[in-house]
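Here is how the chains run, residue by residue.
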Amino acid sequence: MSRKVSGQKVSDFLLARLRAWDVEQVFGYPGDGINGLLSAWERADNRPRFIQSRHEEMSALEAVGYAKFSGRLGVCAATSGPGAIHLLNGLYDAKLDHVPVVAIVGQTHRSAMGGAYQQEVDLHSLFKDVASDFLETVNVPEQLPNVLDRAVRIAYARRAPTAVIIPGDVQDLDYSPPTHAAKMVPSSLDRSGWQAVPSEEALHRAAEVLNSGTKVAILIGQGAAGARAETEEVADVLGAGVAKALLGKDALSDELPYVTGAVGLLGTDPSFELMRDCDTLLTVGSNFPYAQFLPEYGRARAVQIDIDPHMIGLRYPYEVNLIGDARTTLQRLLPLLHRKEERDWQEGVAAGMRQWEEVMAQRADATAQPVNPEYVARALSPLLPDNAILTSDSGSVAGWYARHIRMRGTMRGSLSGTLATMGCGVPYAIGAKFAHPDRPVVGLVGDGAMQMNGMAELITAAKYHTRWDDPRLVIGVWNNHDLNQVTWEMRAMSGSPQFLPSHELPDVSYSAFARSIGMTGIRVERPEHVEGAWRQALAAEGPAVVEFVTDPTVPPVPPHAESAE
């Protein structure tokens, strides 16, 4: 027999269970498909906090940004039909960048299903790919604990988005827990930490490969973020250079002389040369997909470390694939490595990086009309606090972020690495502020992304900034009146000139819009004002938008790109 919990509805239990999982906020947008949940939020005194975005896609991207920068679960919520559909892009961003997010979605009442009712969408078909690791509809109250608990655990374990669908009438049912009976599935909350460790035999095989090399390169991604000290020690022992996939930009300090920065189309020449000339490759926590930027096949012996057995061994013919947590695996590997006394290789890498920095400084100092976009990013880098969090949107701004922003201290940074979706920069920054309300956050955004959704989402920042201990949220906008990355891709890859009807953007005063909603707004049209504008924005007592009118004729493609094609 069911045991009803007095006065508690399914929606009440859902919020209580989220609180038990230490969920502190849910990024969402209201709608009648989740009215039962919204009523429960009111009864629960808004715990966990409901963070209202301007659009459900922004809710999902804010949940992704929160999860990326907190290391915790991101949760988003949306109504049935169009609300659920709008979540998709943000959830795909979570899927492709391996981020734990749970989507809670409303649905038409069960009695109307199959009746072509208003906002009735086949949500299982809609979400079956993006939430392929776990997707379930709650049809009876007793089902809820195991469905929600599994969604949370699987999101954490698979580092993936999961989805829980709750029809509107089910939300308002009296909650009854599963009973000790057949066809019931009990559940529990606890999720202890765990670490995967490769076998000793595999570690010894990997050590043999790494010890045999004389020109060792290390490629790190976001999976190496928790193994900073171990990565530094391995690089020191092996006399290696270290390149970073863009998602791993904050995994190691750029102040280390042998760190060559980003690798790939938006990367540096020293990273390109490191991969080209090495005889041994160690990849840690990265599935960097662009094989043309990795060593020629047969040139280098290679070892990969990745926590996901489903993803290991991709991209390159690795000789040893170590399945394990990066930090634990490197700790087990280090005693097996022989220190290389010869340092010519590593010193050459460092010399190449010094030369590259001179080249980048010259590029940033080059005359442009009216402002050089590279200078905007380069001027910002030394002004950033050591604990700043950066977000970058997609487009040409990602190149300036990749090559001119130097990570140091406890700085963090991320972008939409695999989906490369436009419009993530501002919601990521808002998610980062909720993850770390005591740290300054800077978002780097192009004018195309601002017009797509960034301007509207500034309203969310204006709405919530008083909740942040450190109210600094700076959005830097590269205003060049052009969808610049697409323009240059057409020129470089297809030989086509710019197609103005599709690429040209109207000139919008993003700074004036910011001022209209109570933010600091600064517009810069001359290079001598760039540094002062950044300083002013970083010193503002609340959110600030600083827009730079930049030259669209400065190409975002680095010098090595053509040689890698």
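Residues numbered from 1 in each chain as written. Predicted model: local features only at pLDDT ≥ 70, side-chain atom pairs only at ≥ 80, totals over all residues. Heavy atoms only, no water.

**Q** Describe the overall build of the protein, and please don't skip the residues or the numbers.
**A** Per the secondary structure count, the protein includes 21 helices and 18 strands. By the compact-globule yardstick of 24 Å for 565 residues, the protein fits well, its C-alpha radius of gyration being 25 Å. For the protein, the proportion of its 565 residues judged to be buried stands at 58%. At a minimum sequence separation of 6, the contacts of the protein that also span at least 24 residues come to 74%. When the accessible surface of the protein is summed, it comes to about 22100 Å², and 51% of that surface belongs to carbon and sulfur atoms. When the 51 positive and 68 negative side-chain charges of the protein are each reduced to one mean point, those points stand 5 Å apart. (Helix = DSSP H or I, 4+ residues; strand = E, 2+ residues; numbered from the N terminus. Rg over C-alpha atoms; globule rule 2.2 N^0.38 Å. Buried < 20%, exposed > 50% of the residue type's maximum accessible area, 1.4 Å probe, protein only. Contact = heavy atoms within 4.5 Å. Areas by Shrake-Rupley, 256 points an atom, 1.4 Å probe, with all protein chains shown as cover. Lys, Arg positive; Asp, Glu negative; His and termini not counted. Charge placed at Lys NZ, Arg CZ, Asp CG, Glu CD.)

**Q** Provide a residue-level description of the pattern of salt bridges, including the pertinent values.
**A** Inspection of every chain in the model, using the stated rule, returns 26 salt bridges. The partner of Arg276 in a salt bridge is Asp277, and the shortest N-O contact between them spans 2.8 Å. Relative accessible area serves as the criterion here: at 43%, Arg276 is assigned to the partly exposed category. We note a salt bridge from Glu357 to Arg406, for which the minimum N-O separation is 3.5 Å. (Salt bridge = Lys/Arg side-chain N within 4 Å of Asp/Glu carboxyl O.)

**Q** Can you break down the packing of aromatic side chains residue by residue, with the values?
**A** Throughout the structure, instances matching the rule amount to 12 aromatic pairs. Centroid distance Phe272 to Phe293: 6.4 Å. Interplanar angle 75 degrees. Geometry classified as edge-to-face. Of this pair, Phe272 sits in helix α10 (residues 269–277) while Phe293 sits in the loop between β10 (280–284) and β11 (301–306), and the two are 21 residues apart along the sequence. Of the two residues examined, Phe272 and Phe293, each falls in the buried class. Between Tyr316 and Tyr318, the aromatic rings sit 5.7 Å apart at their centres with planes inclined by 65 degrees, giving edge-to-face as the arrangement. Tyr318 matches Tyr316 in its accessibility class, with the two residues each being buried. (Phe/Tyr/Trp six-rings, centres within 6.5 Å; stacked < 30°, edge-to-face > 60°.)

**Q** So what about empty space enclosed by the protein? Which residues, and what values?
**A** If you walk through the whole model with that rule in mind, you get one cavity of 30 Å³ or more. Reported here for the largest cavity is a volume of approximately 70 Å³. In this structure, the largest cavity is lined by Lys249, Asp254, Gly261, Ala262, Thr268, Met353, Trp356, Glu357, Ala402, Arg403, Ile405 and Arg406. A per-element tally of the lining of the largest cavity places helix α12 (residues 344–365) first, with three residues. Its residues assigned to classes, the lining of the largest cavity comprises five nonpolar, two polar and five charged. (1 Å grid on protein atoms, 1.4 Å probe; cavity = no way out; pocket = protein on both sides within 12 Å on 5 of 7 lines; lining within 4 Å. Points joined across faces, edges and corners; volume = space filled by probe spheres on them. Nonpolar A, V, L, I, M, F, W, Y, C, P; charged D, E, K, R; others polar.)

**Q** Pulling in residues and values, what's your account of the sheet that holds strand β4 (residues 101–107)?
**A** Read from one edge to the other, the open sheet built from six strands follows the order β2-β1-β3-β4-β6-β5, with strand pairing classed as parallel. Both edges of this open sheet fall to β2 (49–52) and β5 (135–137), since each of them pairs with a single strand only. Recorded for the sheet is a direction-independent mean angle of 25 degrees between the axes of neighbouring strands. Here five bridges tie strand β3 (residues 74–78) to β4, and the two strands are oriented parallel to one another. Bridging from a neighbouring strand, Gly74 pairs with Val101 of β4. Lying over the sheet, helix α4 (residues 82–97) contacts β3, β4 and β6 (161–167), oriented at roughly 165 degrees with respect to β4. (Pairing = 2+ DSSP bridges. Axes fitted to C-alpha atoms, helices over the stretch in contact; angles between N-to-C directions.)

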